[in-house]
Every structure is written in C-alpha cells, then in structure tokens.
Amino acid sequence: MIKFFTWAKGFLSEHGQASSKRLVGVLTAIALCWTLYFNPNDALVYSVAALSAAALGITAAEKIFKKPNNENKPES
C-alpha cells in the first residue's frame, strides 16, 4: 500500500510540485467511467471526456514543449 501511495504522489507531482492538471485529468477520467456506467447520456459523456483529454493533454504538451533550462548558460 505504501508503494501505491508513493507512486500516486510521484504521478501527481512533477519535481516535487503538485500538478493540478494531472489531478483534474485523473478525476475526470474516473468521472467519465462513473458517467458511462450509471448515465450514458451522450452530451455528458462527451463533455467529461473532453475535459479529461484536455487536462491530460496540456500536461503532456508542457513536458514536450517546455522551455530550455538557462541555468547553465554563461553570463555576458
């Protein structure tokens, strides 16, 4: 159980900082499963799926297109 909590803490944070977009993405994915099971209304399913995809997609895009680190750049 401790391994799961350690994994979850690492998944929901990046470099020790919490990522709200990942948390929203995971929670909306869970809400999507709940919605599909109890109330398969098309509009509701599409809106929850879009929110989940957007939250997780923004997090992935930030990792891919992040700014280069200027800490090692010599000063002029």
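Scroll up a little and you will see the structure.
Just so it is clear, the structure is predicted and the values come from calculations on it, not from any experiment. (Residues numbered from 1 in each chain as written. Predicted model: local features only at pLDDT ≥ 70, side-chain atom pairs only at ≥ 80, totals over all residues. Heavy atoms only, no water.)

**What about the overall build of the chain?**
Part 1 of the argument: When helices and strands are counted, the chain shows 3 helices and 2 strands.
Part 2 of the argument: Going from the N terminus to the C terminus, the chain shows its helices and strands as α-β-β-α-α.
Part 3 of the argument: Taken across its 76 residues, the chain has 17% of its residues classed as buried.
Part 4 of the argument: Put simply, 41% of the contacts in the chain that link residues at least 6 apart link residues at least 24 apart. (Helix = DSSP H or I, 4+ residues; strand = E, 2+ residues; numbered from the N terminus. Buried < 20%, exposed > 50% of the residue type's maximum accessible area, 1.4 Å probe, protein only. Contact = heavy atoms within 4.5 Å.)

**Things to note about the environment of Leu 44**
Part 1 of the argument: With respect to the helices and strands, the residue Leu 44 is situated in helix H3 (residues 42–64).
Part 2 of the argument: A residue is classified by how much of its surface remains accessible, and Leu 44, at 35% relative accessible area, is partly exposed.
Part 3 of the argument: For the pair Leu 44 and Leu 32, spaced 12 residues apart in sequence, the C-alpha separation works out to 8.7 Å.
Part 4 of the argument: For Leu 44, the contacting residues outside a window of four places in its chain are Thr 35 and Asn 39.

**Considering the packing of aromatic side chains**
Part 1 of the argument: All chains considered together, the criterion is met by 3 aromatic pairs.
Part 2 of the argument: Where Tyr 37 meets Phe 38, the ring centres are 4.7 Å apart and the plane angle is 90°; that geometry is what we call edge-to-face.
Part 3 of the argument: You can call Tyr 37 exposed: its relative accessible area is 66%.
Part 4 of the argument: Using a relative accessible area of 51% as the deciding quantity, one classes Phe 38 as exposed.
Part 5 of the argument: A network of ring pairs unites the aromatic residues Trp 34, Tyr 37 and Phe 38 as a single cluster. (Phe/Tyr/Trp six-rings, centres within 6.5 Å; stacked < 30°, edge-to-face > 60°.)

**As for a nonpolar patch on the surface**
Part 1 of the argument: A cluster of nonpolar side chains, namely Met 1, Phe 4, Phe 5, Trp 7 and Phe 11, defines an oily patch on the protein surface of about 620 Å² accessible area.
Part 2 of the argument: Here Phe 5 shows up in helix H1 (residues 2–11). (Patch = residues over 30% accessible without salt bridge, like charges linked within 9 Å, V, L, I, M, F, W, Y side chains within 5 Å. Areas by Shrake-Rupley, 256 points an atom, 1.4 Å probe, with all protein chains shown as cover. Salt bridge = Lys/Arg side-chain N within 4 Å of Asp/Glu carboxyl O.)

**Regarding the packing of helix H2 (residues 20–38) against H3**
Part 1 of the argument: It is the contact of H2 with H3, at a shortest axis distance of 8 Å, that shows an interaxial angle of 155°. Viewed along their axes, H2 and H3 adopt a mutual orientation that is roughly antiparallel. Remark: the crossing between H2 and H3 carries left-handed chirality. Residue-level inspection shows Lys 21, Arg 22, Val 24, Gly 25, Val 26, Thr 28, Ala 29, Ala 31, Leu 32, Thr 35 and Leu 36 of H2 in contact with H3, the latter providing Leu 44, Val 45, Val 48, Ala 49, Leu 51, Ser 52, Ala 55, Leu 56, Ile 58, Thr 59, Glu 62 and Lys 63.
Part 2 of the argument: A per-class count over the contact of H2 with H3 returns 14 nonpolar, 5 polar and 4 charged. (Axes fitted to C-alpha atoms, helices over the stretch in contact; angles between N-to-C directions. Parallel < 35°, antiparallel > 145°, perpendicular 65-115°, else oblique. Left-handed = near helix turned anticlockwise from the far one by under 90°. Nonpolar A, V, L, I, M, F, W, Y, C, P; charged D, E, K, R; others polar.)

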